[in-house]
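In case you want the letters, here they are:
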Amino acid sequence: MPPVITTVDDLHALYRRRVPRMFYDYCQSGSWTEQTFRENETDFDLIRLRQRVAVDMEGRSVAGTMIGREVTMPVALAPVGLTGMQYADGEILAARAAEAFGVPFTLSTMSICSIEDVAEHTTKPFWFQLYVMKDEDFVDRLIERARAAGCDALVLTLDLQILGQRHKDLKNGLSAPPKLTPASIANLATKVRWGMGMARTKRRFFGNIVGHAKGVGDASSLSSWTAEQFDPRLDWDKIRRIKDKWGGKLILKGILDAEDARMALQVGADAIVVSNHGGRQLDGALSSIRMLPEIVDAVGDRVEVHMDGGIRSGQDVLKALALGAKGTYIGRAFVYGLGAMGQQGVTHALEVIRKELDTTMALCGEKDIHDLGPHNLLVPRGFRGDWEPAAPPR
Ligand code: GLV
């Protein structure tokens with residue numbers, strides 16, 4: 001009998017069993033002590049919901065828009081590096097699940113399936129996430145490739161000019177495809193279903209990079225690639241240059257401070273993503289959900305504010321929307337589904353989240369997702385106000 005999936009956690013449990021340790025650890029890690037990674041999730045639990053009764057619940061809708069695009073719920077799939085190592089052809093499968101469900105899929109620069117490959121195997125535009133690299137020509141070509149593939153938004157990541165250290169990736173020797181060592185062979189040998197999928201596909205390398213970038217050292221290692229190629233001098237002028245070069249909808253991802261949100265506004269972003277990269281970059285930063293209200297207050301009436309980090313349920317989505325986000329992203333939650341059971345698992349994750357969102361909305365006394373607001377929540381005193389800069393911002 002197929003397993004009964006009722007939560008994203010169920011998918012996580014299956015995922016953990018089915019995927020090689022190296023790729024499970026890659027997904028399930030934060031940087032250094034993992035405090036921010038943990039708090040992205042646990043801070044959601046501090047927020048409670050206001051139960052309301054005797055409200056007509058018929059005709060509910062969780063549909064909305066993200067940067068003008070209609071979505072069946074405001075939950076996009078976040079860019080996740082190496083998704084095609086979690087399950088053979090993973091980016092194509094996740095993009096197909098997203099398109100059938102009616103939510104945006106974001107392809108990472110560090111994907112296994114290339115931009116062209118995903119475009120060829122899907123019918124609706126997806127979003128492309130860009131990392132800025134030292135080689136401007138290569139960046140320009142990536143932008144051109146995304147345009148040619150019909151991508152309808154560029155998601156520019158700002159919080160990863162250098163890579164936050166994730167201890168397990170170093171210890172596991174993370175690479176795509178996996179390097180064969182006695183330890184990795186022993187683990188891979190137990191992942192039969194994963195191995196059969198990988199044996200059937202040719203997509204085992206960083207598809208946007210290999211064969212497209214010049215002078216690449218070790219193109220199988222995310223850490224060497226980022227250390228060698230990512231542009232540590234990325235600044236607002238370069239962001240403007242990329243915006244002009246792209247000319248389409250621009251989403252700036254990795255904003256966690258109101259000052260930076262104001263800068264993003266000046267640059268003319270269509271949306272910002274309040275994000276700490278899933279706790280994978282600056283460990284010790286506050287969780288995304290805790291920072292969201294301040295950023296919404298600073299710029300929320302002038303730019304669409306999205307958020308990611310820690311969303312594992314429809315209740316988390318509702319809390320983010322009620323605190324002012326116009327859109328949310330799931331990263332790990334969809335990877336759990338993908339690693340557990342491919343495209344169907346991603347669909348399960350989306351279905352679970354939609355059901356939780358819809359039922360929670362109803363029991364909070366709301367029928368339309370656009371009516372959610374802080375009035376639906378109970379937030380502990382000091383949830384947003386007990387933190388302040390140790391000195392005024394420079
Ligand atoms: C990005 O590619 C990451 O590993 O967080």
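Residues numbered from 1 in each chain as written. Predicted model: local features only at pLDDT ≥ 70, side-chain atom pairs only at ≥ 80, totals over all residues.

Going by the annotation in an unreviewed UniProt entry, the name recorded for the chain is L-lactate dehydrogenase [cytochrome], with Jannaschia rubra given as the source organism. Recorded under Sequence similarities (unreviewed entry), the UniProt text for the chain is reproduced unchanged: "Belongs to the FMN-dependent alpha-hydroxy acid dehydrogenase family." What the UniProt record of the chain gives under Cofactor (unreviewed entry) is the line "FMN". (UniProt positions renumbered as here; feature names shortened; annotations may be inferred.)

Novice: Explanation requested: the overall build of the chain in the structure shown.
Specialist: Scanning the chain from N- to C-terminus turns up 16 helices and 12 strands. Per-residue burial over the chain gives 49% buried out of 394 residues. Sequence separation of 24 or more characterises 73% of the internal contacts of the chain that already satisfy a separation of 6 or more. (Helix = DSSP H or I, 4+ residues; strand = E, 2+ residues; numbered from the N terminus. Buried ≥ 20, exposed ≤ 12 C-beta atoms within 10 Å, placed from the backbone. Contact = placed C-beta atoms within 7 Å.)

Novice: Please explain the UniProt feature "active site" (unreviewed entry) in the chain as it appears in this structure.
Specialist: When the UniProt feature table is mapped onto this chain numbering, "active site" (unreviewed entry) sits at His277. Structurally, the position occupied by His277 is in the loop between strand S9 (271-274) and helix H14 (288-299). Its 28 C-beta neighbours within 10 Å are what place His277 among the buried residues.

Novice: Please clarify how the UniProt feature "binding site: glyoxylate" (unreviewed entry) in the chain should be interpreted in this entry.
Specialist: Mapped onto this numbering, the UniProt entry annotates "binding site: glyoxylate" (unreviewed entry) at Tyr26, Tyr131, Arg166, His277 and Arg280. On the secondary structure map, Tyr131 appears in the loop between strand S6 (127-130) and helix H7 (136-148). Ignoring anything within four residues of it in the chain, the contact list for Tyr131 reads Thr109, Thr157, Leu160 and Phe230. On the secondary structure map, Arg166 appears in the loop between strand S7 (153-157) and helix H8 (167-172). If near-sequence neighbours (up to four positions away) are discounted, Arg166 is found in contact with Ser29, Ser31 and Arg280.

Novice: Mind showing me how you'd approach the sheet that holds strand S8 (residues 250-255) here?
Specialist: Paired through backbone hydrogen bonds, the strands of a sheet run either parallel or antiparallel to each other. On the basis of which strands lie adjacent, the open sheet formed by 8 strands has the order S4-S11-S10-S9-S8-S7-S6-S5 and parallel pairing. Only two strands of the sheet have a single neighbouring strand rather than two, namely strand S4 (75-77) and strand S5 (106-107). Here S5 pairs with S6 via 2 bridges, running parallel. If you follow Leu107 over to S6, its bridge partner there is Phe128. Sitting on the sheet, H14 is in contact with S8, S9 and strand S10 (304-307), with an inclination near 175° to S10. (Pairing = 2+ DSSP bridges. Axes fitted to C-alpha atoms, helices over the stretch in contact; angles between N-to-C directions.)

Novice: Teacher, can you tell me more about H7 here?
Specialist: Given a rise of 1.5 Å per residue, 13 residues ought to cover 18 Å, and the 18 Å separating the end C-alpha atoms of H7 matches this to within 8%. All of the buried residues in H7 are Val139, Leu142 and Ala146. Projected down its long axis, H7 carries its buried residues within an arc of 55°, all on one side. Facing away from the buried side of H7 by more than 90 degrees, the exposed set consists of Asp137, Glu144 and Ala148. (Expected span 1.5 Å × (residues − 1). Arc of directions from axis to C-beta.)

Novice: In this structure, what is going on with the environment of Met73? I would like to understand it.
Specialist: Here Met73 is to be found in the loop between strand S3 (69-71) and S4. C-beta crowding within 10 Å serves as the criterion here: with 24 such atoms nearby, Met73 is assigned to the buried category. Spatially, the C-alpha atoms of Met73 and Ser61 are 8.6 Å apart, while their sequence positions differ by 12 residues. Residues in contact with Met73, not counting those within four places in the same chain, are Val62, Ala63, Val103, Arg354 and Leu357.

Novice: Help me understand the nonpolar core, please; the structure alone is not making it clear to me.
Specialist: Proteins that are soluble and globular tend to have nonpolar side chains buried together. Counting residues in hydrophobic clusters, the biggest one holds 116 residues, and the most contacted among them are Leu77, Ala94, Ile272, Val274, Leu292 and Ala349. The leading source of residues in this core is helix H16 (residues 332-363), at 14 residues. Setting aside anything within four residues of it in sequence, one finds Leu292 in contact with Val274, Met307, Ala320, Leu323, Gly324 and Ala325. (Core = buried A, V, L, I, M, F, W, Y, C linked by C-beta atoms within 7 Å.)

Novice: What should I look at first to understand helix H15 (residues 314-322) in this one?
Specialist: When you tally the buried positions in H15, you get 9 out of 9 residues, the bulk of the element. What H15 keeps buried is the set Gly314, Gln315, Asp316, Val317, Leu318, Lys319, Ala320, Leu321 and Ala322. Gly324 sits one or two residues past H15 and shows a positive phi near 110°.

Novice: Quick question: what am I supposed to make of the pairing of S7 here?
Specialist: Regular strands have side chains that alternate between both faces of the sheet. Counting buried positions along S7 yields 5 of 5 residues, so the element is predominantly enclosed. Side chains Ala153, Val155 and Thr157 project from S7 onto one buried face, and the interleaved Leu154 and Leu156 project onto a second face that is buried too. As defined by bridge partners, S6 adjoins S7 across 4 bridges and the pair is classed as parallel. Paired with Gln129 across the bridge in S7 is Val155. After leaving S6, the chain enters H7 and then returns to the sheet as S7, a path that is right-handed. Inspection of the sheet shows S7 paired to S8 by 4 bridges, in the parallel sense. Considered in S8, the bridge of Thr157 is made with Lys253. (Right-handed = clockwise from strand over helix to strand, strands pointing away.)

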